[in-house]
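Listed below, chain by chain, are the residues.
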Amino acid sequence: MKAFYTNNNGLVEIQKWTSNCWIHIESPTESDKNYLLEELQVPEAFYNDIEDIDERPRIEIEDGWTLIIMRIPIKSGDVKIPFHTVPLGIIFKEDICVTISFYKTEIIKDFVAYSQRKNIEIEDNFNLVLRLLLSSSVWYLKYLKQINHKIKLAEDNLEKSIKNEELQALLQIEKCFVFFITSLKANDVLFQRIKNLKAHKASYDPELLEDVEIELNQAQDTANIYNNILTGMMDAYASVISNNMNNIMKQMTSISIILMIPTLIASLYGMNVPNGLEESQYGIWILLLVSIILSTFGVFLFKRRRWF
């Protein structure tokens, strides 16, 4: 899907390309690829780099073209990993500026709507990059709140009953934190590189730089805090599971010991040696009574010591 945007008290969509407009392509088709490579003459290597889901954030310049890749959060639709991060590429040269995402994302629509509400004018290509970094950091925070809500739901379920499903849900959330924390750190490194570019340093808006830095740091801190809480909670439940297992083993051991009492008595009585009861018609009943008394005493003793 291809869309064209231009400044008009915020970003507004137009029907075709004009000089200095912003082109956004999401989930590019073959015709979109031909448009980029043949009409706009975008380097194919840049296009292929953005297509790689594991591509790291960076800035690269080649033949007058500038490529900036950042990682943005998305809802993956995968039950196992509900949130993921993917590369968003910004390619520009002179009056051409293109952003490419091979995955559907909520960020761009929200960014355009926000620019219209606040009447934000995109001054240049690097201004667009910084604002997209700011917007992505805000969406990281939004998704982190949703992840935290999932943690609370899993915690409530675990308090009722510790099952594999709830523990697996926490493990899946932990994977989301790994993706978020790694991507945020890489975005922060990218931001510092852009911030210190000598050729453009003087043209940056100081307030925008400060906003981006604050939101990036807040997103990183929030992700680390939630991840630490999740790690501590999983360690606590692992201890609970281990303690429950120990209690079960104690109970099984106690039962085994109690069951050994009548077995031992019967074994002794069954030996081919005189025991004084071999001629008695009440011998078997005496042995049963003794076994019951000793077993009952064993149960009482174990309960008193809280082994049951």
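Note that the structure is predicted; figures quoted are calculated from it, not measured.

### Observations concerning the overall build of the chain
Line of reasoning, step 1. Across its full length, the chain holds seven helices and seven strands.
Line of reasoning, step 2. The order of α-helices and β-strands along the chain, N terminus first, is β-β-β-α-α-β-β-β-β-α-α-α-α-α.
Line of reasoning, step 3. For the chain, with 308 residues in total, the buried portion stands at 41%.
Line of reasoning, step 4. Within the structure as shown, the chain displays about 17700 Å² of accessible surface, and the carbon and sulfur contribution to it stands at 55%.

### So, the nonpolar core
Soluble globular proteins tend to bury their nonpolar side chains together.
Line of reasoning, step 1. Counting 59 residues, the largest nonpolar core has W22, I68, M70 and I194 as the members making the most contacts within it.
Line of reasoning, step 2. Only β1 (2-7), β5 (65-75), β6 (83-93), α3 (107-117), α4 (125-160), α5 (164-195) and α6 (206-269) provide two or more residues apiece to this core.
Line of reasoning, step 3. At 15 residues, α4 tops the list of elements feeding residues into this core.
Line of reasoning, step 4. What I194 contacts, discounting residues up to four positions off in sequence, is I68, F126, V129, L130, L133 and Y204.
Line of reasoning, step 5. Listed in part, the 20 residues of the second largest apolar core include F46, I91, I100 and F102.

### A closer look at the state of the cysteines
Line of reasoning, step 1. For the structure on display, the rule yields zero disulfides.
Line of reasoning, step 2. Here C21 stays free of any disulfide, with the sulfur of C97 as its closest cysteine sulfur at 8.7 Å.

### As for the side chain of S183
Line of reasoning, step 1. Relative to the elements of secondary structure, S183 occurs in helix α5.
Line of reasoning, step 2. By relative accessible area, which is 1% here, S183 ends up buried.
Line of reasoning, step 3. Of note is the side chain of S183, whose polar atom sits 2.8 Å from the side chain of T85.

### Observations concerning the environment of F83
Line of reasoning, step 1. Summarising the element assignment, F83 is placed in strand β6.
Line of reasoning, step 2. Residue classification places F83 among the buried positions, given a relative accessible area of 2%.
Line of reasoning, step 3. For the pair F83 and K175, spaced 92 residues apart in the sequence, the C-alpha separation amounts to 8.9 Å.
Line of reasoning, step 4. Not counting chain neighbours up to four residues away, the residues in contact with F83 comprise I74, K75, S76, Y143, Q146, I147, K150, C176, F179 and F180.

### Considerations on the sheet that holds β6
Line of reasoning, step 1. If you walk across this open sheet you meet the seven strands as β2-β1-β3-β7-β6-β5-β4, and the pairing is mixed. The outermost strands of the open sheet, each flanked by one partner alone, are β2 (11-14) and β4 (58-62). Averaged over neighbouring strand pairs, the angle between their axes works out to 25° when direction is ignored.
Line of reasoning, step 2. Note that β4 and β5 share five bridges and pair antiparallel. Bridging from a neighbouring strand, R58 pairs with I69 of β5.
Line of reasoning, step 3. Its contacts with the sheet place α3 against β1, β2, β3 (22-26) and β5, and it is angled at close to 115° to β2.

### Digging into the pattern of salt bridges
Line of reasoning, step 1. As enumerated under the stated definition, the model contains five salt bridges in all.
Line of reasoning, step 2. Residues R58 and E55 are paired through a salt bridge, measuring 2.2 Å at the closest nitrogen-oxygen approach.
Line of reasoning, step 3. Of the charged contacts, one joins R58 and E60 as a salt bridge, the two residues approaching to 2.9 Å between their closest N and O atoms.
Line of reasoning, step 4. We classify E60 as partly exposed; its relative accessible area is 26%.
Line of reasoning, step 5. A single salt-bridge network, built from bridges that share partners, covers D49, E55, R58 and E60.

### Things to note about unusual backbone geometry
Line of reasoning, step 1. Backbone geometry at N9 places phi at a positive 55°, although glycine is not the residue there.
Line of reasoning, step 2. On the secondary structure map, N9 appears in the loop between β1 and β2.
Line of reasoning, step 3. Despite not being glycine, D63 has its phi angle at roughly 50°, a positive value.
Line of reasoning, step 4. Along the chain, the position of D63 falls in the loop between β4 and β5.
Line of reasoning, step 5. Among the residues examined, D63 registers a relative accessible area of 65% and is labelled exposed.

### Comments concerning the side chain of T222
Line of reasoning, step 1. By the element assignment, T222 lies in helix α6.
Line of reasoning, step 2. Here T222 falls in the buried class, since its relative accessible area comes to 16%.
Line of reasoning, step 3. Not counting chain neighbours up to four residues away, the residues in contact with T222 comprise L141 and L144.

### Topic: α3
At 3.6 residues per turn, the α-helix brings residues three or four places apart onto the same side.
Line of reasoning, step 1. All of the buried residues in α3 are I107, I108, F111, V112 and S115. Seen from one end, α3 has its buried residues packed into an arc of 130°, which puts them on one side. In α3, the exposed positions that point more than 90 degrees away from the buried face belong to K109 and R117.
Line of reasoning, step 2. N119, located one to two residues past α3, shows a positive phi value of around 55°.

So, how was this worked out
- Residues numbered from 1 in each chain as written.
- Predicted model: local features only at pLDDT ≥ 70, side-chain atom pairs only at ≥ 80, totals over all residues.
- Heavy atoms only, no water.
- Helix = DSSP H or I, 4+ residues; strand = E, 2+ residues; numbered from the N terminus.
- Buried < 20%, exposed > 50% of the residue type's maximum accessible area, 1.4 Å probe, protein only.
- Areas by Shrake-Rupley, 256 points an atom, 1.4 Å probe, with all protein chains shown as cover.
- Core = buried A, V, L, I, M, F, W, Y, C linked by side-chain atoms within 4.5 Å.
- Contact = heavy atoms within 4.5 Å.
- Disulfide = S-S within 2.5 Å.
- Polar contact = N/O pair within 3.5 Å; in protein donor to acceptor, adjacent residues only side chain to side chain.
- Pairing = 2+ DSSP bridges.
- Axes fitted to C-alpha atoms, helices over the stretch in contact; angles between N-to-C directions.
- Salt bridge = Lys/Arg side-chain N within 4 Å of Asp/Glu carboxyl O.
- Arc of directions from axis to C-beta.

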